[in-house]
Amino acid sequence: MQIKPTTHIKAFRYRLRPTKAQEAALTEQLSLCRQLYNCALEERIGAYKKEKKTISGYDQMKALPEIKEALPEYKGVYSQVLQDVLKRLDKTYQNFFRRVRQGAKKVGFPRFKGAGWYDSLTYPQLGFSVAGETAYFSKIGNIRLRLSRSLEGKLKTATITRDCGEWYVSYVCEVEPQPLPKTGSSVGVDVGITWFAITSDGEFVENPRHFKTAMKKLRVVQRSLSRKKRGSGQRKKVKAQLAKLRRKVSRQRLDFHHKTATKLVKENDLIAHEDLNVGGLGRGNLAQSIHDVGWSQFFSLLSQKAASAARTVIRVDPRYTSQACHKCGHTCKANRISQSRFVCVNCGHQDNADVNAARNILARAEPLSQNVAAVSASVV
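Quantities reported herein were computed from a predicted structural model and do not represent experimental measurements.

S.K.: When you look at the sheet that holds strand β9 (residues 195–199) in this model, what are you seeing that I'm missing?
M.R.: Each strand in a sheet pairs with its neighbour through backbone hydrogen bonds, running either in the same direction (parallel) or in the opposite one (antiparallel). Within the open sheet, the five strands sit side by side as β10-β9-β8-β11-β12. Their pairing is mixed. The two strands at the open ends of the sheet, each matched to only one other strand, are β10 (204–206) and β12 (312–316). Within the sheet, the average angular offset between the axes of one strand and its neighbour, ignoring direction, is 25°.

Have a look at this one:
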C-alpha cells in the first residue's frame, strides 16, 4: 500500500529592514523581555529560599495581566511574546533538573541575563503574518523583508533575532515532503579531519577549515579587545568586529554543510554514515579541529534534507570500520598500515584506508535499510 508522506518542519530565515523607529521599538521590547526573564528567575529563587516553594511557569504566566497593570510599558509587547519568555525560563529549569537527575558532573543553574545576552522575540502561534516583502508583527507593525527565497507550507512560529546589530526573522513552517526521483545509488560516508568526507565511490570532499583560515584575523582582533578598557566605546566597537568575524566563520561552515548534504541527497537513495559521539570526541586532543569541521550540524542537515526528499539516512556502529577488510572481513589493527593506506594481512587487498572504511559503513547499513523498508511497507 502506498504510504502518504508525513509533513515535516522547515525553517526560513530572512533579513529584516526596520526603520529607526521600529528598531528602537524592537530594542525596547528585547530590554523589557530580558527584565521580565530576570525578575521571574529572581522570584523563583526567592520563593524557594524563603518558603521552599516551587513556582511553575504556568503560575508566573497567570500573573502577566497584573504585571501589565502595574507596569504599563509591558502593554506594548504582544502577550504571547511575554508568555514565551516565561516558557523559556521554565524550560531552562526543566533542563537543569534533568541534568541533575542524570548525574551530570557539570550542571549550570539558570543565570540572569545581562545586557546584550537576550536577543530574540518569539511569536509562538499568532500575531504575525507575511505578505510579499512585508512582515507584520503585532505591537510592532509592518517591517520590510528581504525575501531571499519563497516561503513554503503553513506558518507555525516566528522569531525575531538581533545578530551583530542586524535584524532577522526565522519562520518555522510545516511543509509537505518533495520526494526526488529514485537514483538506484547508495553511498557510505566516512567523515574525517584531513578530508571532510570520503565516500564509498572513492570521492574525496576537502575540509575547508573555516575557523583555522580565519584564526589569524581572530587573534589580532581578540588581542585588540583584551587591551581595551571595559565599558569604553572602543571596546564595544572591537567586540562587534569580533562577533562579525565569528559569524562569518559560522555562516561559511553552514553554507558548506548545506551544499555537501544536498549533493549527497540528490545523488543517492541511501546514505550511510557512522554514529559518532561527536560531543565526546570534541573533548579530546583534536577538539578544535573537530569543532571546526562541525560533524553534528552536517549530520543534522543531512537527515532533514533526506526526510524531505524521501531518502534514507542510516547511522551505523563505527567500531572497527577502519580496521576491517571490505573484501574478506578480516579485522585487525595491522591492516591499516598508515593514515591513508590499507593492506589486509589476510587476503592482501589494498585500498585507500578511508575509502575502505566508507565501503564497510555502506555494507553495514544495507541490511538495516532492508529492515526499514520492510517496516515502512507494513504500515497502513
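Next, the rest of the story.
S.K.: Quick question: what am I supposed to make of the packing of helix α5 (residues 210–227) against helix α6 (residues 233–267) here?
M.R.: Think of two packed helices as two axes; the pair is described by the angle between the axes and how far apart they sit. Interaxial distance between α5 and α6 falls to 9 Å at its minimum, and their mutual angle equals 170°. Relative to α6, α5 is oriented roughly antiparallel. Between α5 and α6, the residues in contact are His210, Phe211, Ala214, Lys217, Leu218, Val221, Gln222, Ser224 and Leu225 and Arg235, Val238, Lys239, Gln241, Leu242, Leu245, Arg246, Val249, Gln252, Arg253 and Phe256, respectively. Considering only residue class, the contact of α5 with α6 consists of ten nonpolar, five polar and five charged.

S.K.: How should the sheet that holds strand β2 (residues 120–123) be read in this particular structure?
M.R.: Reading across from one edge, β2-β6-β7-β1-β5-β4-β3 is the order of the seven strands in this open sheet, with antiparallel pairing throughout. With one partner strand each, in any of the chains shown, β2 and β3 (128–131) form the two edges of the open sheet. Averaged over all pairs of adjacent strands, the angle between strand axes in this sheet comes to 30°, irrespective of strand direction. Pairing analysis gives three bridges linking strand β1 (residues 8–17) to strand β5 (residues 141–146), with the strands arranged antiparallel. Note on β5: the bridge partner recorded for Leu16 is Leu145. The strands that helix α1 (residues 20–51) touches are β2, β5, β6 (154–163) and β7 (166–175); relative to β2, the one it contacts most, it runs at about 90°.

S.K.: Even after reading the chapter, I still don't get the nonpolar core, so can you show me in this structure?
M.R.: When a protein is soluble and globular, its nonpolar side chains tend to lie buried together. Formed by 37 residues in total, the largest nonpolar core has its most connected members in Leu16, Cys33, Tyr123, Phe137, Ile160, Val169 and Tyr171. Within the residue set of this core, elements represented by two or more residues are β1, α1, α4 (79–101), β2, β4 (134–137), β5, β6 and β7. Residue contributions to this core peak at eight residues, all from α1. When residues no more than four places from it in sequence are discounted, the contact partners of Cys33 are Val77, Val81, Leu82, Val85, Tyr118 and Leu121.

S.K.: What is the right way to look at the packing of aromatic side chains in this model?
M.R.: Each aromatic ring pair is characterised by the separation of its centres together with the angle its planes make. Scanning all chains against the criterion turns up 14 aromatic pairs. When the ring of Tyr14 is compared with that of Tyr171, the centres are 6.2 Å apart and the planes differ by 55°; the resulting orientation is tilted. Of this pair, Tyr14 sits in strand β1 while Tyr171 is found in strand β7, placing the two residues 157 residues apart along the sequence. Judged by relative accessible area, Tyr14 falls into the buried class, the value being 1%. When the ring of Tyr123 is compared with that of Phe128, the centres are 6.4 Å apart and the planes differ by 65°; the resulting orientation is edge-to-face. Since its relative accessible area comes to 12%, Phe128 is described here as buried. The ring of Tyr168 is capped by Arg13, whose NZ or CZ atom sits 4.1 Å from the centre of that ring. Sitting above the plane of the Tyr93 ring, Arg44 keeps its charged end 4.6 Å from the centroid.

S.K.: Can you help me understand the packing of α1 against α4 in this one?
M.R.: Two elements in contact, α1 and α4, have axes whose closest approach is 10 Å; the angle formed by their N-to-C orientations is 45°. As the angle between them shows, α1 and α4 are arranged oblique. At the point where α1 passes α4, the crossing takes the right-handed sense. Of the residues in α4, those touching α1 at Cys33, Leu36, Tyr37, Ala40, Leu41, Arg44 and Ile45 are Val81, Leu82, Val85, Leu86, Arg88, Leu89, Asp90, Thr92 and Tyr93. The residue makeup of the contact of α1 with α4, split by class, is twelve nonpolar, one polar and three charged.

Rules and cut-offs
Residues numbered from 1 in each chain as written. Predicted model: local features only at pLDDT ≥ 70, side-chain atom pairs only at ≥ 80, totals over all residues. Heavy atoms only, no water. Pairing = 2+ DSSP bridges. Helix = DSSP H or I, 4+ residues; strand = E, 2+ residues; numbered from the N terminus. Axes fitted to C-alpha atoms, helices over the stretch in contact; angles between N-to-C directions. Parallel < 35°, antiparallel > 145°, perpendicular 65-115°, else oblique. Contact = heavy atoms within 4.5 Å. Nonpolar A, V, L, I, M, F, W, Y, C, P; charged D, E, K, R; others polar. Core = buried A, V, L, I, M, F, W, Y, C linked by side-chain atoms within 4.5 Å. Buried < 20%, exposed > 50% of the residue type's maximum accessible area, 1.4 Å probe, protein only. Phe/Tyr/Trp six-rings, centres within 6.5 Å; stacked < 30°, edge-to-face > 60°. Lys NZ or Arg CZ within 6 Å of the ring centre and 35° of its normal. Left-handed = near helix turned anticlockwise from the far one by under 90°.

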